[in-house]
Amino acid sequence: MASCFLYRRREFIALLGGAAVAWPGVTRAQRQPMPVIGYLRSGSRAASSQVEAAFRQGLSSMGFIEGRNVAIDYQYAENQNDRLMALTADLLRQPVAVIYAGDNRTAVMVKSATTTIPVVFRIGGDPIQLGLVTSLSRPDGNMTGVSFLGTATGAIRLQMMREAVPNAAVMGLLVNPANPNAELDTQEAQNAARKLGLELHVVGASNAQEIDTAFATLIQQRAHALVIDGDTLFSNRRQQLTALTVHHTMPAIYAFREFPDAGGLMSYGASNVDADRLGGIYVGRILKGDKPADLPVQQAVKVELIINLITAKVLGITLPPTLLARADEVIE
């Protein structure tokens, strides 16, 4: 189906080229329409205002302003994974100059859908292991982007949770099975748990109802603390997750600062905002003529530990001074 769409687009472009020859008096600026960016995410737009703004900031630093000299076609699956294929196919039907894939699921979906349209991904994982590129320094094909290695920080989050709640011998790990990185994240966490002498129970959730079920399971398993895997669904459902951790008096750590900002206990991981700003810069570079294969995959190196002391008091825990001293920000 995708090849059919691409063939028709080439036919259409050829027709436009013939029309340009027929009217030589038309200026170059008039012949060239405003480039369109296909912006694709699996999550909710209502919960993505900060990362959208960061993307536009990166884009504007390259001289592209939405509505002035570039258009952005926003497509969100609203956490409904079965919509991703249709949204991707819809973008392929449009004359988009570049596609921005804003999370793991969209990046993998777009990879399977086109080998010709330039794609910039922004993912939490290893793009080589996910099959997106074969090299970080010189990506092959039509894809490049920004990556923060979530599995590397996942083991550290488990260790930090152990520091925060030293008496917790049983912990939980919440993952989204629909995330292509979930299996690797689970393996890394299980390896870390064995080294720390912890009993780790892994529960999965792919929608809001399953999040409630996962917490009920963890309560039955007598988990005393929780590590929440980095995932778009969990970022979008941070209010629900925060309320559940407080209701069940279950200290939890997440990958992104949106969680403690919403009332969660703590987070450790890369900055979502910084990653999307870098993604916007790469989209701008491609619009200026750079090829994805010539742009090395960027590593989002800004990692931050955010602690919410207000929530710590609500949960009735006292965090060790050594952990607080390492925090980039303490909310109190």
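See the structure shown above.
For clarity, every value in this text was computed on a predicted model and none was experimentally measured.

A. Examining the sheet that holds strand β3 (residues 98-101) more closely. Spatially, 6 strands are ordered β2-β1-β3-β4-β5-β11 in an open sheet, and the strand pairing comes out parallel. Edge positions in the sheet fall to β2 (71-76) and β11 (298-299), since each of these pairs with one other strand and no more. Two strands pair when backbone bridges link them, and strand β1 (residues 36-41) and β3 are joined in this way by 4 bridges, in the parallel orientation. When the bridges of β3 are listed, Y39 appears paired with Y100.

B. Molecular detail of the sheet that holds strand β6 (residues 170-175). The strand order across the open sheet built from 7 strands is β7-β6-β8-β9-β10-β12-β13, with neighbouring strands paired in mixed fashion. In this open sheet, the two strands that pair with only one neighbour each are β7 (199-204) and β13 (329-331). Each strand of the sheet is rotated relative to its neighbour by a mean of 20°, with strand direction disregarded. As judged from the 4 bridges shared by β6 and strand β8 (residues 225-228), these two strands associate in the parallel manner. Pairing of M171 across the sheet is with A225, part of β8.

C. Highlighting the pattern of salt bridges. Counted according to the given criterion, the structure contains 12 salt bridges. Across the pair D294 and R138 runs a salt bridge whose closest N-O atoms are separated by 3.3 Å. Residue D294 is located in the loop between α12 (272-287) and β11, and its partner R138 is located in the loop between β4 (119-123) and β5 (143-147); the two are separated by 156 residues in the primary sequence. The class of R138 is exposed, set by a relative accessible area of 55%. Note that D274 and R277 form a salt bridge whose closest N and O atoms lie 2.8 Å from each other. Here D274 pairs with R277, and both are found in helix α12, just 3 residues apart, close to one helical turn. Through salt bridges with shared partners, a single ionic network connects R45, E52, R56 and E66.

D. Representation of the packing of aromatic side chains in the model. Using the criterion set out here, one finds 8 aromatic pairs in the structure. Between the aromatic rings of Y254 and F256, the centroid separation amounts to 5.7 Å while the plane-to-plane angle is 90°, which identifies the pairing as edge-to-face. Where Y254 meets F259, the ring centres are 5.9 Å apart and the plane angle is 65°; that geometry is what we call edge-to-face. Here Y254 and F259 have matching classes, each one buried. One residue, R45, lies across the ring of Y74, its end atom 4.1 Å from the ring centre.

E. View of the side chain of T311. On the secondary structure map, T311 appears in helix α13 (residues 309-315). Classification of T311 as buried rests on a relative accessible area of 7%. A polar contact of 2.7 Å, which involves the side chain of T311, links it to the backbone oxygen of G263. Dropping the residues within four chain positions of it, T311 is found in contact with V246, G263, G264 and L265.

Rules and cut-offs
- The written sequence of each chain sets the order in which its residues are numbered from 1.
- Where local features are concerned, this predicted model is filtered to residues with pLDDT of at least 70; where side-chain atom pairs are given and counted, the filter is 80 or more; whole-chain, interface and lining totals use all residues.
- Note that the side-chain values use all heavy atoms of the structure and ignore hydrogens as well as water.
- Strand pairing is assigned whenever DSSP detects at least two bridges linking the two strands.
- Runs of H or I in DSSP of at least four residues are treated as helices and runs of E of at least two as strands, each being numbered from the N terminus.
- Angles run from 0 to 180 degrees between N-to-C directions of axes, and those axes are lines fitted to C-alpha atoms, restricted for helices to the stretch in contact.
- In the sections that follow, a salt bridge refers to a side-chain nitrogen of Lys or Arg positioned within 4 Å of a carboxyl oxygen of Asp or Glu.
- Relative accessibility thresholds used throughout: buried, under 20% of the residue-type maximum; exposed, over 50%; partly exposed, between the two (1.4 Å probe, protein chains only).
- Stacked, tilted and edge-to-face are the three classes applied to pairs of Phe, Tyr and Trp rings, where Trp contributes its six-membered ring and a pair requires centres within 6.5 Å; stacked means planes under 30 degrees apart, edge-to-face means over 60, and tilted covers the rest.
- By definition here, charges over rings are those cases where NZ of Lys or CZ of Arg is within 6 Å of the ring centre and within 35 degrees of the ring normal.
- Here a polar contact is taken to be a pair of N or O atoms separated by no more than 3.5 Å, where protein atoms must pair a possible hydrogen donor with a possible acceptor and residues adjacent in sequence count only if both atoms sit in side chains.
- Here a residue-residue contact requires only that any non-hydrogen atoms of the pair lie within 4.5 Å.

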